[in-house]
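Below are the chains, spelled out letter by letter.
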Amino acid sequence: MLLVEDDASVRHYARRILEGRGYKVLEAGNGREALTVHERYAEPIHLVVADVFMPFLGGIELTRRLADLRPGIKTLLMSGHVDRSIGRSAAGSPDRNFLPKPFTPRALLQSVQKLL
């Protein structure tokens, strides 16, 4: 899975949770970095977990681009700046979901498991 979050503390928190449950996690600090990770990683990426609002390239546009480049990739968008209904609307696909921040380890893991 590819974890994309511009706040390093949130990114490391989420990575620890996910790796603690056995998930392989690639990470990037923004959407532009995530596209570079995607280009360099030849194996399948089944899920991208991305913040909605990031510098250079936000999560919504990033996930649209990744969906074109990796058909079938699932998306979990997250943000502390939008409510659940806006997040679901922004996700716009049954392969995507929304997780409000701050989130608990349980909430993150349940959201990931639901998509995978």
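Details of the structure are given in the entry above.
Residues numbered from 1 in each chain as written. Predicted model: local features only at pLDDT ≥ 70, side-chain atom pairs only at ≥ 80, totals over all residues. Heavy atoms only, no water.

Visitor: Account for the nonpolar core, naming residues and giving values.
Guide: Membership of the largest hydrophobic core comes to 19 residues, with the highest contact counts inside it found for Leu2, Val4, Val48 and Leu62. For this core, the secondary structure elements donating two or more residues are strand E1 (2-4), strand E2 (26-28), helix H2 (31-40), strand E3 (47-51) and helix H3 (59-69). The dominant element in this core, judged by the number of residues it contributes, is H2, at three residues. Those residues within four positions of Val4 in sequence are excluded, and the remaining contacts are Ala28, Asn30, Gly31, Ala34, Val48, Val49, Ala50, Asp51, Met54, Leu62 and Met78. Counting 17 residues, the second-largest nonpolar core is a separate cluster that includes Ile17, Val25, Leu76 and Leu115. (Core = buried A, V, L, I, M, F, W, Y, C linked by side-chain atoms within 4.5 Å. Buried < 20%, exposed > 50% of the residue type's maximum accessible area, 1.4 Å probe, protein only. Helix = DSSP H or I, 4+ residues; strand = E, 2+ residues; numbered from the N terminus. Contact = heavy atoms within 4.5 Å.)

Visitor: Tell me about the pairing of E3, residues and numbers included.
Guide: Counting buried residues along E3, five of its five residues qualify, which places the element largely inside the surrounding structure. In this sheet, E3 lies alongside E1 in parallel orientation, the contact comprising three bridges. Paired with Val4 across the strands is Ala50, a residue of E3. Note: E3 against strand E4 (residues 74-79), five bridges, orientation parallel. (Pairing = 2+ DSSP bridges.)

Visitor: Got a sec to walk through helix H1 (residues 8-20)? Specific residues and values, please.
Guide: Here H1 is 13 residues long and its end C-alpha atoms lie 18 Å apart, about the 18 Å a rise of 1.5 Å per residue gives. Inspection of H1 places Val10, Arg11, Ala14, Ile17 and Leu18 among the buried residues, and these make up the whole buried set. Buried positions in H1, seen along its axis, are confined to an arc of 130° and lie on one side of it. Looking at H1, the residues exposed on the side facing more than 90 degrees away from the buried face are Ser9, Arg16 and Gly20. Following H1 by one or two positions, Gly22 adopts a phi angle in the positive range, close to 90°. (Expected span 1.5 Å × (residues − 1). Arc of directions from axis to C-beta.)

Visitor: Just give me the short version of the packing of H2 against H3, but keep the residues and values in it.
Guide: Relative to each other, H2 and H3 sit at 15°, their axes nearing to 10 Å. By the angle between their axes, H2 is roughly parallel relative to H3. In the crossing of H2 with H3, the sense of the turn from one axis to the other is right-handed. Seen from H2, the contacting residues are Gly31, Ala34, Leu35 and His38; seen from H3, they are Leu62, Arg65, Leu66 and Leu69. For the contact of H2 with H3, the per-class residue count stands at five nonpolar, two polar and one charged. (Axes fitted to C-alpha atoms, helices over the stretch in contact; angles between N-to-C directions. Parallel < 35°, antiparallel > 145°, perpendicular 65-115°, else oblique. Left-handed = near helix turned anticlockwise from the far one by under 90°. Nonpolar A, V, L, I, M, F, W, Y, C, P; charged D, E, K, R; others polar.)

Visitor: Outline the packing of H1 against helix H5 (residues 105-115), supporting the account with residue identities and numerical values.
Guide: Running from N to C, H1 and H5 cross one another at 65°; their axes reach a closest spacing of 10 Å. For the crossing formed where H1 meets H5, the hand is right-handed. Here Tyr13, Ala14, Ile17 and Leu18 of H1 lie close against H5, whose contacting residues are Pro105, Leu108, Leu109 and Val112. Across the contact of H1 with H5, the residue classes tally to eight nonpolar, no polar and no charged.

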